[in-house]
Amino acid sequence: MECKIIGVIGAGIMGSGIVQICALAGRDVVMVDVSAAAIDRGINSINATLARSVTKGRLTEEQKAATLAHIKGTTSYADLADCDMVIEAATENEGLKLTILKQIDAVVRPDAIIATNTSSISITKLASAIQHPDRFIGMHFFNPVPVMALVELIRGLQTSDATHDSAKALATTIGKTPISVKNSPGFAVNRILCPMINEAIFVLQEGLASAEDIDEGMKLGCNQPIGPLALADMIGLDTMLSVMETFYAGFNDPKYRPAPLLREMVDSGRLGRKTGQGFYNYS
């Protein structure tokens, strides 16, 4: 099935990014969030990003206007009724996602595909929340969505070939490169990336080096474009903690235990760029 009308749940950083790239590719997009204020923030974020692209000569004013015209913001799940695919992009919280998926399932067509942008939660478990789990798949976008080329396609135990192929076709149409991954905590990329970041936090916690020197060492010594602690701030330390806790519970292996400093940072409300303070100060 060709996915022409896309629903996206969540107008935050990830959700608005997904909305933007779908609309830029000429898809009609319904963006749902809990309040009109959240919708406005999402639209304003998209508008600002597109405006920067116009300034840099990557888009014309006409293309910007056409992209925004493809987007409908709403607080009503009923507006998802005509969608060919709905992508859930809410906070990385299993209970919240299960609740949202049930709400989506109650209003979409029986043949509509439901996807989740989870970065670590079991696709098979999330699929159990809907009536047609064969039409459920993980589509893991990476932050910032308009820039990062990769999308992980994660099949749950129930995901059909047709659902996978439709999701793959959409990812390609909106300019992304999809890779197919089996269902497992963290899938492929985060399974490798997040324990590395967590170990960098242990190194900082143990006083082996400063945050600046850890990041500089990994950039210059391992050719990484951004250091692991700066990357953690970009991802969000609450999201990092959630992913590591999922690994720890899913594998029952102490090598995935979250660094105590990571938990303390989250407890203090220092979540990275989104709060203005993480391992670095952004205020």
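Residues numbered from 1 in each chain as written. Predicted model: local features only at pLDDT ≥ 70, side-chain atom pairs only at ≥ 80, totals over all residues. Heavy atoms only, no water.

Chemist: Just checking my understanding: could you explain the overall build of the protein for this structure?
Modeler: A count of helices and strands for the protein gives eleven helices and eight strands. Scaling as 2.2 N^0.38, a compact globule of 283 residues should have a C-alpha radius of gyration of about 19 Å, and the protein matches this with 19 Å. Dimensions along the principal axes, computed over C-alpha positions, put the protein at roughly 55 × 45 × 35 Å. Counting the 283 residues in the protein, one finds 48% classified as buried. If you take every contact in the protein between residues at least 6 apart in sequence, the share linking residues at least 24 apart comes to 66%. Total accessible area on the protein is roughly 12900 Å²; 53% of this is exposed by carbon and sulfur atoms. If you average the places of the 25 positive and of the 30 negative side-chain charges in the protein, the two averages end up 2 Å apart. (Helix = DSSP H or I, 4+ residues; strand = E, 2+ residues; numbered from the N terminus. Rg over C-alpha atoms; globule rule 2.2 N^0.38 Å. Buried < 20%, exposed > 50% of the residue type's maximum accessible area, 1.4 Å probe, protein only. Contact = heavy atoms within 4.5 Å. Areas by Shrake-Rupley, 256 points an atom, 1.4 Å probe, with all protein chains shown as cover. Lys, Arg positive; Asp, Glu negative; His and termini not counted. Charge placed at Lys NZ, Arg CZ, Asp CG, Glu CD.)

Chemist: So what exactly am I meant to see when it comes to the pairing of strand E7 (residues 150-155) here?
Modeler: Moving residue by residue along a regular strand, the side chains alternate between the two faces of the sheet. Judged from the four bridges that link them, strand E6 (residues 136-141) and E7 form a sheet pairing that is antiparallel. When the sheet's bridge partners are listed, Met139 is paired in E7 with Leu153. Relative to strand E8 (residues 177-182), E7 runs parallel, the two being bridged by six bridges. Bridging across to E8, Leu150 finds its partner in Thr177. With helix H6 (residues 161-173) bridging E7 and its parallel neighbour E8, the resulting β-α-β unit is right-handed. (Pairing = 2+ DSSP bridges. Right-handed = clockwise from strand over helix to strand, strands pointing away.)

Chemist: How should the pairing of strand E1 (residues 5-9) be read in this particular structure?
Modeler: Most of E1 is tucked away: four of the five residues are buried. Traced from E1 through helix H1 (residues 13-24) to strand E2 (residues 28-32), the parallel crossover comes out right-handed.

Chemist: Could you clarify how one ought to interpret the UniProt feature "domain: 3-hydroxyacyl-CoA dehydrogenase C-terminal" (unreviewed entry) in the protein in this entry?
Modeler: Sites flagged by UniProt as "domain: 3-hydroxyacyl-CoA dehydrogenase C-terminal" (unreviewed entry) map to residues 186-282. Across residues 186-282 one finds 62% helix and 0% strand; the C-alpha atoms that close the span lie 28 Å apart. (UniProt positions renumbered as here; feature names shortened; annotations may be inferred.)

Chemist: So what exactly am I meant to see when it comes to the sheet that holds strand E4 (residues 85-88) here?
Modeler: Paired through backbone hydrogen bonds, the strands of a sheet run either parallel or antiparallel to each other. Strand order in the open sheet made by the eight strands is E3-E2-E1-E4-E5-E6-E7-E8, with mixed pairing throughout. The open sheet has two edge strands with one neighbour each: strand E3 (71-74) and E8. Put simply, the sheet's adjacent strands are angled 25° from each other on average, direction ignored. (Axes fitted to C-alpha atoms, helices over the stretch in contact; angles between N-to-C directions.)

Chemist: Even after reading the chapter, I still don't get the domain arrangement of the protein, so can you show me in this structure?
Modeler: Interface size, as often reported, equals the accessible area lost upon joining of the parts. In terms of domain boundaries, the protein breaks down into domain 1 (5-182) and domain 2 (191-272). Taking only C-alpha atoms into account, the centre of domain 1 sits 27 Å from that of domain 2. Listed as interface residues are four residues of domain 1 and, on the opposing side, six residues of domain 2. Buried surface at the junction of domain 1 and domain 2, summed over both partners, amounts to about 430 Å²; 57% is from carbon and sulfur atoms. Put simply, domain 1 and domain 2 have one residue pair in polar contact (both at pLDDT 80 or more) between them. Here the side of domain 1 that touches domain 2 is composed, by residue class, of no nonpolar, three polar and one charged. (Domains from an automatic or database assignment. Buried area = accessible area lost by both parts, 1.4 Å probe. Polar contact = N/O pair within 3.5 Å; in protein donor to acceptor, adjacent residues only side chain to side chain. Nonpolar A, V, L, I, M, F, W, Y, C, P; charged D, E, K, R; others polar.)

Chemist: How should I be thinking about the UniProt feature "domain: 3-hydroxyacyl-CoA dehydrogenase NAD binding" (unreviewed entry) in the protein in this particular structure?
Modeler: The feature "domain: 3-hydroxyacyl-CoA dehydrogenase NAD binding" (unreviewed entry), as annotated in UniProt, sits at residues 6-183 in this numbering. Structurally, residues 6-183 comprises 40% helix and 22% strand, and the distance from its first C-alpha atom to its last is 24 Å.

Chemist: What is the right way to look at the packing of aromatic side chains in this model?
Modeler: Each pair of aromatic rings is reported with the distance of its centres and the angle of its planes. Tallied over the full model, the rule gives three aromatic pairs. Where Phe247 meets Tyr256, the ring centres are 5.6 Å apart and the plane angle is 75°; that geometry is what we call edge-to-face. Since its relative accessible area comes to 0%, Phe247 is described here as buried. Taken together through their ring pairs, the aromatic side chains of Phe247, Phe251 and Tyr256 make up a single cluster. (Phe/Tyr/Trp six-rings, centres within 6.5 Å; stacked < 30°, edge-to-face > 60°.)

Chemist: What's the story with unusual backbone geometry in this structure? I'm lost.
Modeler: Leaving glycine aside, a negative phi is the common case for residues, and trans is the common case for peptide bonds. Of note, the amide linkage connecting Asn143 to Pro144 takes the cis form, showing an omega dihedral of 0°. With respect to the helices and strands, the residue Pro144 is situated in the loop between E6 and E7. In this model, Phe187 sits at a positive phi of 60°, which is unusual for a non-glycine residue. Of note, Phe187 is situated in the loop between E8 and helix H7 (189-205). Overall, Phe187 belongs to the buried group, its relative accessible area being 4%. In this model, Asn223 sits at a positive phi of 60°, which is unusual for a non-glycine residue. Take Asn223: its relative accessible area is 70%, and that puts it in the exposed class.

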